[in-house]
Amino acid sequence: MTPEGMREAQEYLSILRDGKRQRTWKKDLDELLSNPDNATPVSPQILVERRPFASRREAGQYLQPRLSPLGAGKIAGNPALWSWLGMFYLEQAARRDSAGNPELSTSDAAYILNLRNLSDAAGYRHRLMAAYEIYTRHGEKAWCMLAQPLYSMEHFSAFLYGSTTLFNAVGVIDLAHLLYADRKTGHYKLGFVGTGRRGNHAPGGLSRLIAVLNQLYMTYDVYGMAAQQLLELLPAEFDRWKPADPAS
């Protein structure tokens, strides 16, 4: 997507949020994406098709082999690529209302990646790029993050994916799943966030985990350690969150 295409996409999203294109939004979107002023071909050429994604996992599984011919350098944080893909998969990356129309995020960064929001936290809210990067970086170690709908950016994922240090650490994502994701229910455990009130953190919860890891960093290479090693370093505060059999 060209800079002109990004501007057109932002205007399109604004109009769609106002409910002014509900009847023709698919046709208008296809015209926007196919306009040569708005988009240019990639090399080598790749082919993607619109299809439903029931979860981030399905999106990652589909995109990984299709984008791989481009090479990592052309994929990671590429505003032109992810902006076009984010708009192409707009129907999958947004909630749907009762009439089947997209209910968009209030942030354009959920669908459009540009150089401005790439450098701040908003750059890590891009729904499609998040699914791809979680899947390619961590695979099934991030099973609960991958099980979430493509349109979602729940607290757990936003917290961990939004930090480059945490996301790229060897064992932090795996550790967080061991502590706060429940294999039996397939969901996050209740209460790991706290009450949500400012300054109120659940004892042994996610924000406390990061604070403790930062303290341990003074002595250990915590961001280079595996999840099982990190689990052994955690104080008793985290015992209630630990799985009965961490090795299973």
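Structural notes, computed from the coordinates. If you're wondering where the values come from, they're calculated on a predicted model, not measured in any experiment. (Residues numbered from 1 in each chain as written. Predicted model: local features only at pLDDT ≥ 70, side-chain atom pairs only at ≥ 80, totals over all residues. Heavy atoms only, no water.)

A short note on the side chain of serine 152
Move 1: Tracing the chain through its elements places serine 152 in the loop between α9 (143-146) and α10 (155-161).
Move 2: With relative accessibility at 12%, the residue serine 152 sits in the buried group.
Move 3: There is a polar contact of 3.2 Å between the side chain of serine 152 and the side chain of glutamate 154.
Move 4: Contact partners of serine 152, with chain neighbours within four places excluded, come to Arg56 and Arg127. (Helix = DSSP H or I, 4+ residues; strand = E, 2+ residues; numbered from the N terminus. Buried < 20%, exposed > 50% of the residue type's maximum accessible area, 1.4 Å probe, protein only. Polar contact = N/O pair within 3.5 Å; in protein donor to acceptor, adjacent residues only side chain to side chain. Contact = heavy atoms within 4.5 Å.)

Section: unusual backbone geometry
Move 1: That bond from serine 43 to proline 44 is cis: its omega, 0°, falls within 30 degrees of zero.
Move 2: Among the structural elements, proline 44 can be located in the loop between α2 (25-34) and α3 (56-67).

What about the packing of aromatic side chains?
Move 1: Per the counting criterion, the structure on display carries 12 aromatic pairs.
Move 2: Ring geometry for tyrosine 180 and tryptophan 241: centres 5.4 Å apart, planes at 70°, overall edge-to-face. You can see tyrosine 180 sitting in helix α12 (residues 172-180) and its partner tryptophan 241 sitting in the segment after α14 (227-233), a full 61 residues away along the chain.
Move 3: For tyrosine 180, a relative accessible area of 0% corresponds to the buried category. (Phe/Tyr/Trp six-rings, centres within 6.5 Å; stacked < 30°, edge-to-face > 60°.)

A word on helix α5 (residues 79-88)
Move 1: α5 sits mainly inside the fold: eight of its 10 residues count as buried.
Move 2: Among the residues making up α5, those that are buried are Pro79, Leu81, Trp82, Ser83, Leu85, Gly86, Met87 and Phe88.
Move 3: Backbone nitrogen of alanine 80 and a side-chain oxygen of the N-cap are separated by 3.1 Å at the start of α5; the cap is asparagine 78.

Brief notes about the packing of α5 against helix α8 (residues 127-138)
Move 1: Their axes nearest at 8 Å, the elements α5 and α8 cross at an angle of 110°. Judged on the interaxial angle alone, α8 and α5 are roughly perpendicular. Across the interface between the two elements, Trp82, Leu85 and Gly86 of α5 pack against Leu128, Met129 and Tyr132 of α8.
Move 2: Grouping the constituent residues of the contact of α5 with α8 by class yields five nonpolar, one polar and no charged. (Axes fitted to C-alpha atoms, helices over the stretch in contact; angles between N-to-C directions. Parallel < 35°, antiparallel > 145°, perpendicular 65-115°, else oblique. Nonpolar A, V, L, I, M, F, W, Y, C, P; charged D, E, K, R; others polar.)

Here's the deal with the side chain of histidine 126
Move 1: Mapped onto the fold, histidine 126 is located in the loop between α7 (115-118) and α8.
Move 2: Classification of histidine 126 by relative accessible area gives buried; the value is 0%.
Move 3: At 2.9 Å, the side chain of histidine 126 and the backbone oxygen of tyrosine 111 are in polar contact.
Move 4: Residues contacting histidine 126, with those up to four places away along its chain left out, are Trp82, Ser83, Gly86, Ala109, Ala110, Tyr111, Ile112 and Leu113.

Regarding the nonpolar core
Move 1: Judged by nonpolar contacts, the single largest core of 77 residues is most densely connected at Trp82, Met87, Tyr111, Tyr180 and Leu209.
Move 2: By residue number, the principal contributor to this core is α12, which donates seven residues.
Move 3: Ignoring anything within four residues of it in the chain, the contact list for methionine 87 reads Met1, Ala9, Tyr12, Leu13, Leu29, Leu33, Tyr111 and Ile112. (Core = buried A, V, L, I, M, F, W, Y, C linked by side-chain atoms within 4.5 Å.)

Topic: the environment of isoleucine 15
Move 1: For isoleucine 15, the location among the structural elements is in helix α1 (residues 3-17).
Move 2: When near neighbours in sequence (up to four residues on either side) are disregarded, isoleucine 15 contacts Lys20 and Arg21.

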